[in-house]
Amino acid sequence: MRLASRPQAKSPGRRRAMSLRTENLTPSRDAGGVSLAQILVYELRVRDAMTPKLRVAAPGDSLRSVQLLMKEHRISGVPIVRDGALLGLVSIEDIVHALDKGHINDPVEARMTRNLVVVRDHYSLVRAVAEFDRFGFGRFPVLDAGDRLVGILTRGDITSALMLHLERRAEEAVRREAERTAAAAPPDEAARRMVLNAKVRAGDFDGAGKLSQRLRQILRARGVDPNIRRRATIIAYEAETNLIIHSIGGRLTATVGPDRIVIEAVDQGPGIENVELALRDGWSTAGPLARKLGFGAGMGLPNIRRSADHFDVKSGLLEGTRLHAEVFLQSPRAP
Amino acid sequence: MKLAEIISRLDLRLISGASDAEVRGCYISDLLSDVLAHAHPGVLWVTIQTHHNVVSVAAMKEVAGVLITCGRRPDPAVLAEAQEEQIAILATPLSTFEAAGKLWELL
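On a predicted model such as this, the values are computed, not experimentally measured, just so you know.

K.L.:
Can you break down helix H4 (residues 63–73) of chain A residue by residue, with the values?
P.N.:
All names here are of chain A. Along H4, the positions that sit buried rather than exposed are Leu63, Val66, Leu69 and Met70. Each buried residue of H4 lies within a common arc of 115 degrees when the element is viewed along its axis, so the set occupies one face. Seen from the buried face of H4, the exposed residues on the opposite side, beyond 90 degrees, are Lys71 and Glu72. For H4, the elements touching its buried residues are strand S1 (77–82), strand S2 (85–91), helix H5 (92–101) and helix H6 (108–111). A positive backbone phi angle near 55 degrees is found at arginine 74, which sits one or two residues after H4.

K.L.:
Break down the packing of helix H2 (residues 36–43) of chain A against helix H8 (residues 155–183) of chain A for me, with residues and values.
P.N.:
All names here are of chain A. Across the interface, H2 lies against H8 with an axial gap of 10 Å and an inter-helix angle of 115 degrees. When the axes of H2 and H8 are compared, the crossing they make is right-handed. Mapping the contact onto sequence places Leu36, Ala37, Leu40, Val41 and Glu43 in H2 and Leu162, His165, Leu166 and Arg169 in H8. Among the residues forming the contact of H2 with H8, the class breakdown is six nonpolar, one polar and two charged.

K.L.:
So what's going on with the confidence of the model for chain B? Residues and values would help.
P.N.:
Taken over all residues, the pLDDT of chain B has a mean of 93, while the share at 70 or more is 100%. The ipTM, which scores confidence in the relative placement of chains, is 0.70 for this predicted complex, and the corresponding pTM is 0.52.

K.L.:
Quick rundown of the interface of chain A and chain B? Include the residues and the values.
P.N.:
In this complex, chain A contributes 27 residues to the contact, which on the side of chain B involves 21 residues. Here chain A packs against chain B, burying approximately 1,900 Å² in sum over the two surfaces, 51% of which is carbon and sulfur. Applying the counting criterion to the chain A and chain B interface returns three salt bridges. Note that A:Arg230 is salt-bridged to B:Glu62, the shortest N-O span being 3.2 Å.

K.L.:
Let's hear about the pairing of strand S3 (residues 44–47) of chain B: which residues, and what values?
P.N.:
Residues and elements named next belong to chain B. Burial of S3 is two-sided: the residues Leu44 and Val46 facing one way and the residues Trp45 and Thr47 facing the other way are all buried. Bridge analysis of strand S2 (residues 26–28) against S3 gives three bridges, and the strand direction is parallel. Of the residues in S3, the one forming a bridge with tyrosine 27 is tryptophan 45. Note that the unit made of S2, helix H2 (residues 32–38) and S3 has a crossover that is right-handed. Sheet analysis places S3 next to strand S4 (residues 65–68), joined by four bridges and oriented parallel. Paired with valine 46 across the strands is leucine 67, a residue of S4. The parallel pair S3 and S4 is bridged by helix H3 (residues 53–61), and the resulting crossover is right-handed.

K.L.:
Break down the side chain of A:Arg139 for me, citing the residues and quoting the values.
P.N.:
All names here are of chain A. With respect to the element layout, arginine 139 can be found in strand S4 (residues 139–143). Despite being buried, arginine 139 has no salt bridge partner; aspartate 157 is the closest side chain of opposite charge, sitting 7.9 Å away. Within the structure, arginine 139 has its side chain in polar contact with the side chain of serine 76 (distance 2.4 Å).

K.L.:
How would you explain the environment of A:Ile104 if you had to name every residue and give the values?
P.N.:
Residues and elements named next belong to chain A. Within the fold, isoleucine 104 resides in the loop between H5 and H6. Overall, the relative accessible area of 6% leaves isoleucine 104 in the buried class. Distance from isoleucine 104 to serine 65, taken between C-alpha atoms, is 9.0 Å for residues 39 residues apart in sequence. When near neighbours in sequence (up to four residues on either side) are disregarded, isoleucine 104 contacts Ser62, Leu63, Arg64, Gln67, Ile95, Ala98 and Leu99.

The rules behind the values
- Residues numbered from 1 in each chain as written.
- Chains lettered and ligands numbered in written order.
- Predicted model: local features only at pLDDT ≥ 70, side-chain atom pairs only at ≥ 80, totals over all residues.
- Heavy atoms only, no water.
- Buried < 20%, exposed > 50% of the residue type's maximum accessible area, 1.4 Å probe, protein only.
- Helix = DSSP H or I, 4+ residues; strand = E, 2+ residues; numbered from the N terminus.
- Arc of directions from axis to C-beta.
- Contact = heavy atoms within 4.5 Å.
- Axes fitted to C-alpha atoms, helices over the stretch in contact; angles between N-to-C directions.
- Left-handed = near helix turned anticlockwise from the far one by under 90°.
- Nonpolar A, V, L, I, M, F, W, Y, C, P; charged D, E, K, R; others polar.
- pLDDT = per-residue confidence, 0-100.
- Buried area = accessible area lost by both parts, 1.4 Å probe.
- Salt bridge = Lys/Arg side-chain N within 4 Å of Asp/Glu carboxyl O.
- Pairing = 2+ DSSP bridges.
- Right-handed = clockwise from strand over helix to strand, strands pointing away.
- Lys, Arg positive; Asp, Glu negative; His and termini not counted.
- Polar contact = N/O pair within 3.5 Å; in protein donor to acceptor, adjacent residues only side chain to side chain.

So, in structure tokens, the structure goes:
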């Protein structure tokens, strides 16, 4: 029995090179280390990959006319069809043989390859790949469930289909990601601008100054004007030490926007009894330990207010203190 | 005046950082917030504080150096921090009053 398109299977080296090993197609990975290509060869059907538009010939056509058809369309195999049913296939090898033996003008019916191995259009691509590996053919005619010829499938078709679908999936993923990013833009942007967001522990005198130091470095790295940087850092430092000295613990954040640096200190309590007094120079409620360390000058809030271009402090004995200070990037006055 | 010259005139000990800064005045205070509020960049800050916040404040205000009086010495950890921040820290057995008097003559 002679089989269709044998020539492409003759060289084992070439065959190995062409063989579509799905595990080598790993442009992206999915859960569990399974590549998307590996999923696709199960998902995609032969009908998704085959070439549906076919050049076919009738059993009564001459081998010569098939030869001309091959030459004209640069194809190497022509299915022989009657009323949509596949009867056989004429390959280049058959034509060469006919030329050699002098029966090129015979009707194809007499010389075509019969007993074809076919694949069905509903086969998964992984099964088609297995058929290619098993038979070593260059192509398979594709039949539908009603035995009608609906296309032809090569290894190249499978590779192209996989590439196409991978590309589509990738484009889809990129599009989805872009949509997600667009939808999430405000919080993402806010997150990018928030350069400092840290907890401050009550009584942590040894940690005092760490956050403002970090802010100073960040602002310096961003090339912020030295005077603006200094004022922002003083605010952060005083807010940070206030949290350490006076609060039961809180959080310090710094945000660098296009036109201002915003520093916020929020604590859970106990709150400032008299904000007006606290804003007065020299008024302090700091304990002896803090004073011994050089804190408690009663200048924290006044310093913050002096250094800020916009300043606001809200405090209540039940809800704690929320301090908000802004330094405008366009106002380079010294502290 | 260069910090190095003040060091030699007052017989100070440089215990961290370098002595090449230009000193543009002096500020004396033991209250950190006061220094933050009023010290100008480039001054020599005279204090008896040795806590590591001295380093933070000095770095923030970009002072030329910190002179610690009365023979007090910061912890090695504070000195390491100062070294990292390249803050010049000087030590003297003089009292703040005596150091201030000598600095007044020089600056």
